[in-house]
Amino acid sequence: MNAPAPAPKAGILEIDPYVPGKAKAEGIEHPVKLSANENILGCGEAARAAYVEAAGHLASYPDGRAGELRSALARRYKLAPERLILGAGSDEIFALLNQVFLEPGDNIVQGQFAFGAYAIGVRACQGEVRRAPERVWRVDVDAMLEAVDERTRLMFIANPANPTGTFVGEAELRRLHAALRSDVVLVLDGAYGEFNRDPTYTDGVDLARDAENIVVTKTFSKLHGLAALRVGWAFAPQAIADAVNRIRQPFNTSIPAQVAAVAALADVNFQKRSVAHVERWRPWLTQQLGGLGLEIVPPSANFVLVGFPRTPGRTAAEAEVFLARRGLIVRGVAGYGLPDHLRITIGLEAHNRALIDALAQFMRA
Ligand SMILES: Cc1ncc(COP(=O)(O)O)c(C=O)c1O
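Residues numbered from 1 in each chain as written. Predicted model: local features only at pLDDT ≥ 70, side-chain atom pairs only at ≥ 80, totals over all residues. Heavy atoms only, no water.

**Topic: the side chain of Thr152**
With respect to the helices and strands, Thr152 occurs in strand β5 (residues 152-158). One polar contact links Thr152 to Asn107, side chain to side chain, over a distance of 2.7 Å. A polar contact of 2.8 Å, which involves the side chain of Thr152, links it to the backbone nitrogen of Asp149. Residues in contact with Thr152, not counting those within four places in the same chain, are Asn107, Val109, Ala147, Arg181 and Val184. (Helix = DSSP H or I, 4+ residues; strand = E, 2+ residues; numbered from the N terminus. Polar contact = N/O pair within 3.5 Å; in protein donor to acceptor, adjacent residues only side chain to side chain. Contact = heavy atoms within 4.5 Å.)

**Examining the nonpolar core**
Grouped together as the largest cluster of nonpolar side chains are 45 residues, with contacts concentrated most on Leu73, Met155, Phe220 and Trp233. Excluding its chain neighbours within four sequence positions, the residues that come into contact with Met155 are Val109, Met144, Leu145, Val148, Leu176, Leu180, Val184, Val185, Leu186 and Val187. Core analysis: the next-biggest nonpolar cluster, separate from the first, contains 34 residues, Val32, Trp281, Val306 and Phe308 among them. (Core = buried A, V, L, I, M, F, W, Y, C linked by side-chain atoms within 4.5 Å. Buried < 20%, exposed > 50% of the residue type's maximum accessible area, 1.4 Å probe, protein only.)

**Digging into the sheet that holds strand β4 (residues 128-132)**
Taken in spatial order, the seven strands of this open sheet run β2-β8-β7-β6-β5-β3-β4, and their pairing is mixed. Because the sheet does not close on itself, it has two edges, and the strands there are β2 (84-87) and β4. With direction set aside, neighbouring strand axes in the sheet form an average angle of 20°. With four bridges connecting them, strand β3 (residues 107-111) and β5 associate as parallel partners. (Pairing = 2+ DSSP bridges. Axes fitted to C-alpha atoms, helices over the stretch in contact; angles between N-to-C directions.)

**Digging into the sheet that holds strand β10 (residues 303-307)**
On the basis of which strands lie adjacent, the open sheet formed by four strands has the order β9-β10-β13-β12 and antiparallel pairing. Bordering the open sheet on either side are β9 (295-297) and β12 (331-333), each of which pairs with just one other strand. Ignoring strand direction, the axes of neighbouring strands in this sheet form an average angle of 35°.

In C-alpha cells:
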C-alpha cells in the first residue's frame, strides 16, 4: 500500500528559495566578496572581544529578554525598552510580523523590487504579495497606496532599499503614513539607514514614536559588521511588540550575539569609520562607473546598483562572470527583475580600484 508522504501545507512549495549572494569564485583562493552588502571593514575590536569572551558561557541559555541589549538600545535611541523587539537578524522580525498579522488570503504590499525576505514569510502564512510599480528604481508612494486593498495587513519599505539603493524622503513617508489605513502596519526597514545622511532622509524612528501602526526595523549586520551573529531589532507600538513577543522563540538571540551587539553599540568610533568609508568611496565609485558609460542608480547605502547595456559582450550577466574570473564577486539581481543590473558592495580602496580597472577592460574588450 502506498501511504501518502507528509505534504507541506498549501503554498510552501511555491516559495522560491532565497538565493544569497555568491561567496566563491571558481579557481580563486581568496575572492573579494562584494555581493552581500556586509561591512567591508569587518567588525569593531570591542565587539570581537565581547564575542570571544562569550566563549566562557557556552553552556548557558541567554537572557530571553536580551535585557542588557534592550536597555542599551533604549538608552542610545531614547526609546521605551518594552517597545523593542529583538530578533535573529531583522529577517526573523519580518517573519514574526507576518505570522502575527496574516491570515490565509491576507496580503502585504511592497515595492516592485523589494528585498526578498519579506515575501518568504508571507507565503508561509498563505498570504499574498502585492507589488507596487516603482518609478525610476524608487518606491512610489502613490502606487504603494493604490496597491492596498481590504485584505492588506502590512506594507514593507526598505529605506534605503535593497537592491536598488534608493530611498524615500521624510516628506513622502509622512504623506504615505497619513494616507494609509490605520489598521495596516507600515514596516520601515532601516537596515542601511546609517549610511544615508541626506537631510531629507529619516529611518522613521521619530515617526514611529507616536504612531500606532509603524514598526521600524534595524540590524547589527551592516553598520556594526555582525551579520554572522544574526541580531536585529525593531521599535514597534507596544501592542505589536507584545504580540510579537508572544510568538517568538524564547531564546532567539544568543549570548555571543547579545554581548557583541552591546559592545558594538558603544563603539561609536567603529560606526563612524564605517560610515566615513562608505561616504569616501561611494561618490568615487559612482563617478568612475558613470565614466565607463554605465548607468548608476543613485546610491544611498553601502552598495551601488549598476546598469549594463544589452549589447552582447557588454551585458550584466557577462560582466558578473568577467569580474568573478578576476576574483571580484558581485551580485546578479535578475531574480529581482533586474537582469541588466549588478549590485556591488562598496569595497576597500584596493577592491574599488580593481573593480574599476576590470570593468574598464570589460567595456573596452
Ligand atoms: C533591506 C534589508 N533588510 C534587512 C536585511 C537583513 O538583515 P539581517 O541580517 O538583520 O537579517 C538585509 C540584508 O541584506 C537587507 O538588505
